[in-house]
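One-letter residues, chain by chain:
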Amino acid sequence: MLLAGTTVDLFCRVIDNYGDIGVCWRLARQLVAEHGCTVRLIVDDLHAFRFIAPEVDAASASTQALLGVTVVPWQNANTLTPAEVVIEAFACDPPADYVQAMAAQATKPVWLNLEYLSAETWVDDIHGRASPHPRLPLTKYFFCPGFTGQSGGLIRERSLTPVDSRQPESQSRTLAAADLPQRLFVFTYPQAPVRALTDAFGASGQRVAVSVAAPLADCAPEWRTAPPVPQPDFDALLAPFDLLLVRGEDSFVRAQWAAKPMLWHIYPTDDDAHWVKLDAWLDRYCESLPALVADAYRRASHAFVAGDRNATSYAEFVTHLPTLRQHAIRWRALLMQQTDLATRLVRFVALVKTQKVG
């Protein structure tokens, strides 16, 4: 273990309800369990955190120990002696007094800005770049998750099973259980046009069984509510479903590790930058699909994000689901060949530390 025993402070401000804390909580646990780091997770919203970690005491103003990670309320950050490695998630800006304490240390911490995941081409160029502080003797490095070997990679635990073990189950359901309802898992933003999508299934003669994991504006009475589960159980929750409708970043990645067809209800931005981000991922994901299937998937993805409530907008997508099921398995296998994000992060920190010593 390159960084065994190394102390890490991971800062997280909750912006996207569960997306930000979801990424940070998963990374914190992996750095402890697989790389032997000592991790403090400093977070500003324990109530949102409790949704994915029910053991958290959301009313506490004290530090808490959870699955090997020390959880620190944001307001207590100024009392901390900075760790050897400081990770600010998504440019959340650690408190000014904490940064001053970093600068005062004889050996400066390795400071990383963990960016949002993107498939855009700029990711490979920005990843690993140094950004000197304008006033203090500190350098921050951009660490950019992505889908290529030149990026920061994707969060993936060692416990994920090989993709081949999933093929018999997927194939048997496709061949022998065509009369069963299609099982849809919904973890989207409230405005998602889920009912239009289910109407498209109905128009094609297929029944659906829908499980909804977050509030939805247009929810049919027969749809069941999926209870919240601790984050370590989320993969098992997704496993039985045939189609995953997900949002944010952590759920988006887990849907890909689940090797199931999916639609990404990407977080909308005021400047419409989310369309660029969506298209960049679609370019990569659809690259090896037949042209007709790729076109149907792109149009359905755009319609879903745009809130299109016309069932015909999803009709071709529904007909191509058997092809998309096999594609999801191949896509996961391709991503599994890459080094995971936590391992790349640990190697990057070790390299920076070596350069500082040298």
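What you are looking at is a predicted structure, and each value in this text was computed from that prediction instead of being measured.

Peer 1: I'd like a rundown of the overall build of the chain, residues and numbers included.
Peer 2: Counting secondary structure elements, the chain contains 13 helices and 13 strands. Taken over C-alpha atoms, the radius of gyration comes to 21 Å for the chain, in line with the 21 Å a tight globule of 358 residues would show. By principal-axis analysis of the C-alpha atoms, the chain measures approximately 70 × 40 × 40 Å. Expressed as a percentage of the 358 residues in the chain, the buried residues total 54%.

Peer 1: Can you explain the environment of Glu55? Please cite residues and give values.
Peer 2: With respect to the secondary-structure elements, Glu55 resides in the loop between helix H2 (46–52) and strand E3 (64–66). According to the relative accessible area criterion, Glu55 is exposed, its value standing at 52%. Note: C-alpha distance between Glu55 and Leu67 (twelve residues apart in sequence) is 9.8 Å. The residues touching Glu55, leaving out its near neighbours within four places in the chain, are Gln64 and Leu66.

Peer 1: Outline helix H12 (residues 321–336), listing residues and values.
Peer 2: An α-helical turn contains 3.6 residues, so a residue and the one three or four places further along point in the same direction. Over its 16 residues, H12 runs 22 Å from end to end, which matches the ideal 22 Å to within 8%, given 1.5 Å per residue. Within H12 the residues assigned to the buried category are Leu321, Leu324, Arg325, His327, Ala328, Ile329, Trp331, Arg332 and Leu335.

Peer 1: Lay out the pattern of salt bridges in plain terms, naming residues and giving numbers.
Peer 2: Tallied over the entire structure, the rule returns 15 salt bridges. In this structure, Arg195 engages Asp218 in a salt bridge whose closest nitrogen and oxygen atoms are separated by 2.9 Å. Placement of the pair is Arg195 in helix H6 (residues 194–203) and Asp218 in the loop between strand E10 (208–212) and strand E11 (224–225), with a sequence separation of 23 residues. By relative accessible area, Arg195 is classed as partly exposed at 28%. Given a relative accessible area of 26%, Asp218 falls into the partly exposed group. Between Arg299 and Glu316 there is a salt bridge, and its shortest N-O distance comes to 3.0 Å. With Arg299 in helix H10 (residues 291–306) and Glu316 in helix H11 (residues 315–319), the pair connects residues that are 17 residues apart, well separated along the chain. Assessed through its relative accessible area of 36%, Arg299 is described here as partly exposed. A residue is classified by how much of its surface remains accessible, and Glu316, at 40% relative accessible area, is partly exposed. A single network of salt bridges, built from pairs that share partners, joins Arg26, Glu157, Asp235, Asp250 and Arg254.

Peer 1: Describe the confidence of the model for the chain, with residues and values.
Peer 2: In the predicted model, the chain carries a mean pLDDT of 93, and the fraction of residues at 70 or more is 94%. Considering only residues more than four positions removed or in separate chains, one finds that residues 164–172, a stretch of pLDDT under 50, has ten contacts.

Peer 1: So what about unusual backbone geometry? Which residues, and what values?
Peer 2: One non-glycine residue, Asp93, lies in positive phi territory at about 60 degrees. Turning to its location among the elements, Asp93 is positioned in the loop between strand E5 (85–89) and helix H3 (96–104). Unlike most non-glycine residues, Asp272 shows phi in positive territory, near 65 degrees. Structurally, Asp272 can be placed in the loop between strand E13 (262–265) and helix H9 (273–285).

Peer 1: Run through helix H8 (residues 250–257), naming residues and quoting values.
Peer 2: With eight of eight residues buried, H8 lies mostly within the body of the structure. Of the positions making up H8, those classed as buried are Asp250, Ser251, Phe252, Val253, Arg254, Ala255, Gln256 and Trp257. Among the structural elements, helix H1 (19–35), helix H7 (234–238), strand E12 (243–247), E13, H9 and H12 are those in contact with the buried residues of H8. Looking at the residues trailing H8, positive phi occurs at Ala259, about 60 degrees.

Peer 1: Lay out the sheet that holds E3 in plain terms, naming residues and giving numbers.
Peer 2: Each strand in a sheet pairs with its neighbour through backbone hydrogen bonds, running either in the same direction (parallel) or in the opposite one (antiparallel). Pairing within the open sheet is mixed, and its eight strands lie in the order E3-E4-E2-E1-E5-E6-E8-E7. Among the strands making up the open sheet, the edge pair consists of E3 and strand E7 (130–132). When the angles between neighbouring strand axes are averaged without regard to direction, this sheet yields 25 degrees. With three bridges connecting them, E3 and strand E4 (residues 69–73) associate as antiparallel partners. Note that in E4 the partner of Gln64 across the bridge is Val71. Docked against the sheet, H1 engages strand E1 (7–12), strand E2 (38–43), E3, E4, E5 and strand E6 (110–114), running at close to 170 degrees with respect to E1.

What counts, and where the lines are drawn
- The numbers attached to residues start from 1 for each chain and follow its sequence in the written order.
- Local features in this predicted model are restricted to residues of pLDDT 70 or higher, and side-chain atom pairs are both shown and tallied only at a pLDDT of 80 or more, whereas totals for entire chains, interfaces and linings draw on every residue.
- Note: side-chain values were computed over all heavy atoms of the structure, leaving out hydrogens and water.
- Numbering of helices and strands starts at the N terminus; helices are DSSP runs of H or I of at least 4 residues and strands are runs of E of at least 2.
- Taken over C-alpha atoms, the radius of gyration is set against a globule rule of 2.2 Å times the number of residues to the power 0.38.
- In this scheme, a residue with accessible area under 20% of its type's maximum is buried, one over 50% is exposed, and one in between is partly exposed, where area comes from a 1.4 Å probe on protein chains only.
- Two residues qualify as a contact provided that any one of their heavy atoms is within 4.5 Å of a heavy atom in the partner residue.
- To estimate how far a helix should reach, multiply one less than its number of residues by 1.5 Å.
- A pair is scored as a salt bridge if a Lys or Arg side-chain nitrogen falls within 4 Å of a carboxyl oxygen belonging to Asp or Glu.
- Each residue carries a pLDDT score, the predictor's confidence in it, ranging from 0 to 100.
- Pairing between two strands requires that DSSP report at least two bridges joining them.
- Convention adopted: a line fitted to C-alpha atoms gives each axis, helices being fitted over their contacting stretch, and angles between N-to-C directions are expressed from 0 to 180 degrees.

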